[in-house]
Structures are given as structure tokens and as C-alpha cells.
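Report on the structure
Now for the letters of each chain:
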Amino acid sequence: MKSKTYTFFLLAVLFIVVMNAVSCGTKFGQIIIAKPDEYRHTYEAKEKVTLRAIAQVFKDKVMGSNIKIDRENKRVETDYIIQGEWRTKSVATVKKINWKESEVVLSVITEKKTDNGWEMRRLLEKEQYASLFDTIELKIYEEMSKIE
């Protein structure tokens, strides 16, 4: 009898935890947006190094295809990469703040194919962008170590 009560209690707790997790989270890619999200981060690195680091992160994480570095406009941009009903493109601009700092504005554009065409959706949240910025910072250190 005690075993049945304990099992019932565990199932009830598990059910409550699962229902709470399901009800709290937004569904993957369900939020439709009118313009891409942009997040900013400052690095202690020159623009040239930062641009190369961003391009390498875009390549490593497959955040688009045909990665282009526009040194004149200080911008890294990819073409869309299509996977099923989704397509993703990444854009980053670098702005010199002072002799040793650069600001990066990063945007990952994700769209879902619908009957009316492509709809822009929010796929990444602030935490995922923070993780990308951390990865970029590591790549910046790698790029700086290559410079003689």
C-alpha cells in the first residue's frame, strides 16, 4: 500500500512539473515580428579583427551561406540558408567606438515559409544572442593571436 501511494505521489509531481514547463514556454518560432531583433555588444578589439571573428563564427555555426565581409561598410552578412520550411540569414555591423573598442550590432533573421510567403519569426532569445557574443569574443582572441 505504501508503495502505491509513493508511486502515485511521484506521478502527480511529475505531471505538475511537465504541465508547468509546457504552459510557461512559448512555442518554437511562433512569435511573428515585423523587423529583425538587434542586439549590441562591445569588444576591446579593432574592427578588422572583429569582422574576421564574426565571419568565422557565422561559418562555424552555419548561420547562413556565402559569408561576405564588407570592410568598407564594416559589415558581415550571409545569404539565406534554407532548411525545410525555415530560412536563416545573419548580419553584423561593427562600429569603432575608440582606438581600442568596437561595438557589434548582431541580427539573426529567421523566416518561416507560409501560404502568404516568408514570415519573419523570432527564433533566438536574448540568452542565445549572449552565447553568440561569447563565442565571438573567443574568436576575437584567436584572431588577435594570429596577428604578428
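Our subject is the structure listed above.
Keep in mind the model is a prediction, meaning the values are calculated, not measured. (Residues numbered from 1 in each chain as written. Predicted model: local features only at pLDDT ≥ 70, side-chain atom pairs only at ≥ 80, totals over all residues. Heavy atoms only, no water.)

Observations concerning the packing of helix H2 (residues 47-60) against helix H3 (residues 126-146)
Interaxial distance between H2 and H3 falls to 8 Å at its minimum, and their mutual angle equals 120 degrees. Between H2 and H3, the crossing angle belongs to the class labelled oblique. Handedness of the H2/H3 crossing: right-handed. Between H2 and H3, the residues in contact are Val 49, Thr 50, Arg 52, Ala 53, Ile 54, Gln 56, Val 57 and Asp 60 and Leu 132, Thr 135, Ile 136, Lys 139, Ile 140, Glu 143 and Met 144, respectively. Taken together, the residues of the contact of H2 with H3 sort by class into 8 nonpolar, 3 polar and 4 charged. (Axes fitted to C-alpha atoms, helices over the stretch in contact; angles between N-to-C directions. Helix = DSSP H or I, 4+ residues; strand = E, 2+ residues; numbered from the N terminus. Parallel < 35°, antiparallel > 145°, perpendicular 65-115°, else oblique. Left-handed = near helix turned anticlockwise from the far one by under 90°. Contact = heavy atoms within 4.5 Å. Nonpolar A, V, L, I, M, F, W, Y, C, P; charged D, E, K, R; others polar.)

Comments concerning empty space enclosed by the protein
Counting across every chain of the model gives 1 cavity of 30 Å³ or more. If you trace the largest cavity, you find it lined by Ile 33, Asp 37, Val 108, Arg 121, Arg 122, Leu 123, Leu 124 and Tyr 129. Looking at the lining of the largest cavity, its residues break down into 5 nonpolar, no polar and 3 charged. (1 Å grid on protein atoms, 1.4 Å probe; cavity = no way out; pocket = protein on both sides within 12 Å on 5 of 7 lines; lining within 4 Å. Points joined across faces, edges and corners; volume = space filled by probe spheres on them.)

A closer look at unusual backbone geometry
One non-glycine residue with positive phi stands out, namely Asn 66, at about 50 degrees. Among the secondary structure elements, Asn 66 is positioned in strand S2 (residues 65-70). The exposure class of Asn 66 is partly exposed, given its relative accessible area of 48%. Phi is positive for Lys 74, which is not a glycine, with a value near 55 degrees. By the element assignment, Lys 74 lies in the loop between S2 and strand S3 (75-79). Residue Lys 74 is classed as partly exposed on the basis of its relative accessible area, which comes to 27%. (Buried < 20%, exposed > 50% of the residue type's maximum accessible area, 1.4 Å probe, protein only.)

Thoughts on the pattern of salt bridges
A complete count under the given rule lists 11 salt bridges for this structure. Asp 37 serves as the salt-bridge partner of Arg 122, at 2.7 Å between the closest nitrogen and oxygen. Remark: Asp 37 occurs in the loop between helix H1 (2-24) and strand S1 (39-43) and Arg 122 occurs in the loop between strand S7 (117-121) and H3; sequence separation between them is 85 residues. Salt-bridge contacts for Arg 75 lead to Glu 77; the nearest nitrogen and oxygen are separated by 3.2 Å. Given the relative accessible area of 28%, Arg 75 is considered partly exposed. (Salt bridge = Lys/Arg side-chain N within 4 Å of Asp/Glu carboxyl O.)

A closer look at the environment of Val 57
With respect to the secondary-structure elements, Val 57 resides in helix H2. Val 57 sits in the buried class, given a relative accessible area of 1%. On a C-alpha basis, the gap between Val 57 and Leu 132 in space is 8.1 Å, while along the polypeptide they are 75 residues apart.

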